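Structure at a glance
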Amino acid sequence: MKPSSPDKPALKVKRVQDLTIAKSKRVLVRVDYNVPLKNGRFEDITRIRETLPTLKYLIESGAKIALISHLGRPKGKPEAKYSLKPAAPQLEKLLGSPVAFCGDCAGSAAEKAVAALKPGGVVLLENLRFHAGEEANDPDFAKALARLGEFFVQDAFGALHRAHASTAGVPKHLPGCIGFLVQKELEFLDRVMGNPTRPFLAIIGGAKVSDKLGVLNKLLDRLDGLVIGGGMAYTFLAAQGISIGKSLLEKDKTQQAQEVIEKAYAKKVECLLPADHVVVKEIKPDAETKVTQAMAIPADLLGVDIGPHTVEFFTEEIAKANTIFWNGPMGIFEIDAFSKGSLAIAEAMAEATKRGAVTIVGGGDSLAVLSKAGLTDRMTHCSTGGGASLELLEGKTLPGLQALAH
Ligand code: AMP
């Protein structure tokens, strides 16, 4: 397997089908079950379903399978609301075979749980981020994880851009490879994004500007159009001197946001920002919503979704493009009253797929929007990794892949 991009040399990484895994061998599999949860229920199970090919392959080879994943941002200690426990019955249903659960992902309890498996047995271990060593890429924690297996399979595409213990650390101690999900993602993103059918449009939303500025800068070299929505759009609007009321703002990023707009202008990439907004006094499900008449937001209000006029011209932009990449919701879609903009973008993407455009949606929140709209099957490709797919597009080498290279 040679993951590549036009800008960087190929990395040589083994695939799961390249390894000979004898019966009863313990295999540690890093999956990405970081799925948005609402009231203890998963909003979208695409990420779980997409790991089935690797898991079924390993089950058939008679391996003992230990699954590790993170969920949310629990800050290095156990927090009940971030437990992976609900994922076990979910996976069990999808696999059609039993999935055990263990309340810790490292140490003697986890080691015992793996040892107790029969050939072809599966145990899901508790959230990696209940240990501070995960995000710190602590070598001792990586070693403790590695003790659970004799082989390591990396199938967490959505976590490949993080240099954590379970991505960058574990492969130092175990023979490692990539699973079928990671292979599928890399092949698709390489093939399509390396040589997109033009016009190539990116729609970027979500809350955090800081996460995405680097990507936006790089992407401008490849794009024909850029649509910015969601909470991050307000920092761009503020950078243009437009009043945004109490909306989300990353003040220290306004200068860089302005640079993105200027670069887009210089490169003749059409860059669109919301022109009207759904606004509220405070974020709560039953808040009274209003729509602004223009770009500016009154001082006592905050923007929670793109407005109907914006939906209209974003939709027109989508209708003109032949390759469309979407990452990040257009508003606080978790609250129904603020989800119309994101749902409308999902509809426009489905229409684009129907007329033959290549549509790619990346990231847990965007997948949750598709699921809410019932349109998951109407995209050309649903990527399980938002950040990872963005960084691949940016031409970066992903630490989780680098660690497996030989
Ligand atoms: P990110 O992790 O940066 O992709 O952001 C995803 C989150 O952005 C989702 O949980 C949305 O609720 C949130 N979001 C989208 N639009 C807004 C907004 N206008 N204000 C606050 N949060 C937002």
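Since we're looking at a predicted model, the values are computed, not measured.

Side note on the overall build of the protein
The number of helices and strands found in the protein is 16 helices and 17 strands. The C-alpha atoms of the protein give a radius of gyration of 22 Å, which matches the 22 Å a tight globule of 406 residues would have. Across its three principal directions, the C-alpha atoms of the protein cover 65 × 45 × 40 Å. As displayed, the protein has an accessible area near 16600 Å², and 51% of this comes from carbon and sulfur atoms. Where the 51 positive side-chain charges of the protein centre and where its 46 negative ones centre are 5 Å apart.

A word on unusual backbone geometry
When glycine is set aside, most residues are seen to have a negative phi, and most peptide bonds are trans. Residue Pro199 is reached from Arg198 by a cis peptide bond, and omega for that bond is 0°. Looking at where Pro199 falls in the secondary structure, it is placed in the loop between α8 (180-194) and β9 (200-204). Here Ser24, not a glycine, exhibits a phi torsion of approximately 70°, which is positive. Mapped onto the elements of the fold, Ser24 is located in the segment before β1 (26-30).

A few points about the site of the ligand
Taken together, the neighbourhood of the ligand is formed by 15 residues, with Ala207, Lys208, Lys212, Gly231 and Glu334 sitting nearest. Within the side chain of Glu334, a nitrogen or oxygen atom sits 2.5 Å from an oxygen atom of the ligand. Across the shell around the ligand, the residue classes tally to six nonpolar, five polar and four charged.

Structural notes on the packing of aromatic side chains
The geometry of an aromatic ring pair is captured by the separation of the ring centres together with the interplanar angle, meaning the angle of the planes. Per the counting criterion, the structure on display carries two aromatic pairs. Their ring planes at 80° and their centres at 5.3 Å tell us that Tyr57 and Phe180 sit as a pair that is edge-to-face. Residue Tyr57 is found in helix α2 (residues 52-60), and its partner Phe180 is found in helix α8; the two are separated by 123 residues along the sequence. Ring geometry for Phe313 versus Phe314: centroids 5.2 Å apart, planes at 85°, classification edge-to-face. Phe314 shares its class with Phe313; the two are buried.

Things to note about the nonpolar core
Among the nonpolar cores identified, the biggest contains 70 residues, and Leu28, Leu125, Leu145, Leu226 and Phe236 are the most heavily contacted of them. For this core, the element with the highest residue contribution is α8, accounting for six residues. No fewer than three residues from each of domain 1 (16-180) and domain 2 (189-393) sit in this core. In this view, Leu125 contacts Ala66, Leu67, Ile68, Leu84, Phe101, Cys102, Asp104, Cys105, Ala110 and Leu148; residues no more than four positions away in its chain are not counted. By size, the runner-up hydrophobic cluster in this structure holds 30 residues, among which are Val311, Phe314, Phe333 and Met349.

A few points about the packing of helix α12 (residues 308-320) against helix α13 (residues 340-354)
One can describe the packing of α12 onto α13 by two numbers: an axis separation of 9 Å at closest approach and a directional angle of 20°. Here α13 runs roughly parallel to α12, going by the angle between their axes. The way α12 lies across α13 gives a crossing that is right-handed. Taking contact as the criterion, the partners of Val311, Phe314, Thr315 and Ile318 in α12 are, on α13, Gly341, Ala344, Ile345, Ala348, Met349 and Ala352. Grouping the constituent residues of the contact of α12 with α13 by class yields eight nonpolar, two polar and no charged.

Structural notes on the domain arrangement of the protein
Considered domain by domain, the protein is made up of domain 1 (16-180) and domain 2 (189-393). Between the C-alpha centres of domain 1 and domain 2 the distance comes to 32 Å. Taken together, the 13 residues of domain 1 in the interface contact 19 residues of domain 2. Counting each side, the surface lost to burial between domain 1 and domain 2 is near 1200 Å², with a carbon and sulfur contribution of 58%. Contact with domain 2 buries surface across domain 1, with Arg47, Phe157 and His161 losing the most and accounting together for 45% of the total. For the pair domain 1 and domain 2, the interface holds zero salt bridges. Where domain 1 meets domain 2, there are one residue pair in polar contact (both at pLDDT 80 or more).

Here we look at a positive patch on the surface
Together, Arg73, Lys75, Lys77 and Arg162 make up a region of like positive charge exposed at the surface. Structurally, Arg73 is set in the loop between β4 (64-68) and α3 (87-95).

Section: helix α14 (residues 364-373)
Regarding α14, the residues found buried are Gly364, Ser366, Leu367, Ala368, Val369 and Leu370. Elements that come into contact with the buried residues of α14 comprise α1 (46-49), β15 (323-327), α13, β16 (358-362) and β17 (381-383). Count one or two residues on from α14 and you reach Gly374, which has phi positive near 70°.

Cut-offs used in this document
- Residues numbered from 1 in each chain as written.
- Predicted model: local features only at pLDDT ≥ 70, side-chain atom pairs only at ≥ 80, totals over all residues.
- Heavy atoms only, no water.
- Helix = DSSP H or I, 4+ residues; strand = E, 2+ residues; numbered from the N terminus.
- Rg over C-alpha atoms; globule rule 2.2 N^0.38 Å.
- Areas by Shrake-Rupley, 256 points an atom, 1.4 Å probe, with all protein chains shown as cover.
- Lys, Arg positive; Asp, Glu negative; His and termini not counted.
- Charge placed at Lys NZ, Arg CZ, Asp CG, Glu CD.
- Near = heavy atom within 4 Å.
- Polar contact = N/O pair within 3.5 Å; in protein donor to acceptor, adjacent residues only side chain to side chain.
- Nonpolar A, V, L, I, M, F, W, Y, C, P; charged D, E, K, R; others polar.
- Phe/Tyr/Trp six-rings, centres within 6.5 Å; stacked < 30°, edge-to-face > 60°.
- Buried < 20%, exposed > 50% of the residue type's maximum accessible area, 1.4 Å probe, protein only.
- Core = buried A, V, L, I, M, F, W, Y, C linked by side-chain atoms within 4.5 Å.
- Domains from an automatic or database assignment.
- Contact = heavy atoms within 4.5 Å.
- Axes fitted to C-alpha atoms, helices over the stretch in contact; angles between N-to-C directions.
- Parallel < 35°, antiparallel > 145°, perpendicular 65-115°, else oblique.
- Left-handed = near helix turned anticlockwise from the far one by under 90°.
- Buried area = accessible area lost by both parts, 1.4 Å probe.
- Salt bridge = Lys/Arg side-chain N within 4 Å of Asp/Glu carboxyl O.
- Patch = residues over 30% accessible without salt bridge, like charges linked within 9 Å, V, L, I, M, F, W, Y side chains within 5 Å.

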